[in-house]
Amino acid sequence: MANRQHLPGHPKLTTAFVLCLLLGTSALSHAGDPQEIVKTVCAACHGIDGNSVDPANPKLAGMDQEYLMRQLKAFAAGKRRDETMTGIIAGIDPLDFSRLAAYYGKMTPTPGKVNDAQLATKGKALYDDGNTDSGVPACAGCHQPDGRGNARFPRVAGQHQAYALKQLADYKSGRRATDPLMTTVGKRLTVDEAKALAEYMAGL
Ligand code: HEC
Ligand code: HEC
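Calculation criteria
Residues numbered from 1 in each chain as written. Chains lettered and ligands numbered in written order. Predicted model: local features only at pLDDT ≥ 70, side-chain atom pairs only at ≥ 80, totals over all residues. Heavy atoms only, no water. Core = buried A, V, L, I, M, F, W, Y, C linked by side-chain atoms within 4.5 Å. Buried < 20%, exposed > 50% of the residue type's maximum accessible area, 1.4 Å probe, protein only. Helix = DSSP H or I, 4+ residues; strand = E, 2+ residues; numbered from the N terminus. Contact = heavy atoms within 4.5 Å. Donors = N, O, S within 2.8 Å, 3.2 Å for Na, K, Ca; no water. Tetrahedral: all angles 85-135°; square planar, octahedral: opposite > 155°, others 65-115°. Salt bridge = Lys/Arg side-chain N within 4 Å of Asp/Glu carboxyl O.

Colleague: Quick rundown of the nonpolar core? Include the residues and the values.
Modeller: Grouped together as the largest cluster of nonpolar side chains are 18 residues, with contacts concentrated most on Val38, Leu68, Ile89, Leu100 and Tyr104. Residue assignment for this core shows that the elements contributing at least two residues are helix 3 (34-46), helix 4 (65-77), helix 5 (83-90) and helix 6 (97-105). Of all the elements, helix 6 adds the most residues to this core, at five residues. Not counting residues within four places of it along the chain, the set of residues in contact with Tyr104 comprises Val38, Cys42, Ala43, His46, Gly47, Ile48, Asp49, Gly50, Leu60, Ala61, Gly62 and Leu68. Membership of the second largest hydrophobic core comes to 17 residues, among which are Leu126, Ala194, Leu197 and Tyr200.

Right, dumping it as structure tokens:
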């Protein structure tokens, strides 16, 4: 208290000065420098090279840039909801979305790992041919037989099982409402089919 009376306004001035510095540097580092944002914000979960280690966090490496960009916008708009990503994206300048998408899209994806070969074989049949009884279309028709995808249909090859499974469940429940086609596919899949598919896609 005594200090404040002796130096009126001083702490405030310091705070304002520090704030200016912080804002100044962050504005500088955000302009055309996605690497800085990746390092300080995204890498902890997605890796510096887009190959996440925790299977709950998707690999972003090698995914189409337009697709990644659409997802960032979908999180920002609330069309796709996730406890983690929704909050993080709220703190990112939308002007940086395309640079972040380009950064991760250019990285080389590491192969995924199949843990259950028998399950993956079941997944392959569904992936290639669908299930005519329940009206599940062949995944290969859109995501490509090798799972590499394109701007319209995302890469699913080598993706973590846990992440892929959550997406299929989110389409089914409507939590992820980014695309009517995948919502229809998700609604028609059983939990067992989704598990087999996730296992197969991890090995593509
Ligand atoms: C604390 C962990 C965490 C951090 C930090 C994080 N993410 Fe994510 N990210 C996730 C999770 C979990 C998901 C899956 C969300 C879901 O299930 O819908 C995700 C999903 C995504 C997706 C959608 C991928 C796809 O295949 O559809 C993109 C794009 C993405 N994150 C980009 C970023 C970028 C860019 C940053 C940094 C600005 C970032 N993330 C920071 C955890 C994180
Ligand atoms: C008619 C085309 C079409 C078919 C058939 C299709 N998909 Fe998709 N899929 C899409 C589109 C488009 C998206 C991206 C949607 C979005 O923006 O959310 C997608 C997204 C996904 C994702 C989320 C990827 C990510 O990184 O978040 C998974 C997983 C997936 N599809 C799995 C499958 C599986 C498994 C099948 C087969 C049972 C299948 N898809 C069939 C069009 C299709």
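Colleague: Which residues make up the coordination of the iron atom of ligand 1, and what values do they have?
Modeller: Protein-derived ligands of the iron atom of ligand 1 are His46 (NE2) and Met85 (SD), with the metal-ligand distances lying across 2.0 to 2.2 Å. Considering all six donor atoms around the iron atom of ligand 1, angles at the metal cover 83 to 179° and the coordination shape is octahedral. Of the two residues, His46 sits in helix 3 while Met85 sits in helix 5, which places them 39 residues apart along the sequence. Accessibility assignment for this pair places His46 and Met85 in one class, buried.

Colleague: Give me the coordination of the iron atom of ligand 2: which residues, what numbers.
Modeller: Distances from the iron atom of ligand 2 to its protein donors, namely His143 (NE2) and Met182 (SD), fall within the range 2.0 to 2.3 Å. For His143, a relative accessible area of 11% puts it in the buried group.

Colleague: Go over the pattern of salt bridges, please, and point to the residues and values.
Modeller: Pairing between side chains of opposite charge can happen when their charged atoms approach one another. Scanning the entire structure with this criterion turns up seven salt bridges. Across the pair Glu83 and Arg175 runs a salt bridge whose closest N-O atoms are separated by 3.1 Å. Placement of the pair is Glu83 in helix 5 and Arg175 in the loop between helix 9 (161-173) and helix 10 (180-188), with a sequence separation of 92 residues. On the accessibility criterion, Arg175 (26% relative accessible area) is partly exposed. Residue Asp128 is joined to Lys124 by a salt bridge in which the shortest nitrogen-to-oxygen separation is 2.6 Å. Linking Asp128 with Lys124, this pair stays in helix 7 (residues 117-129), spanning four residues, or about one helical turn. Judged by its relative accessible area of 38%, Lys124 is partly exposed. Among the charged side chains, a salt-bridge network with shared partners connects Asp82, Lys166 and Asp170.

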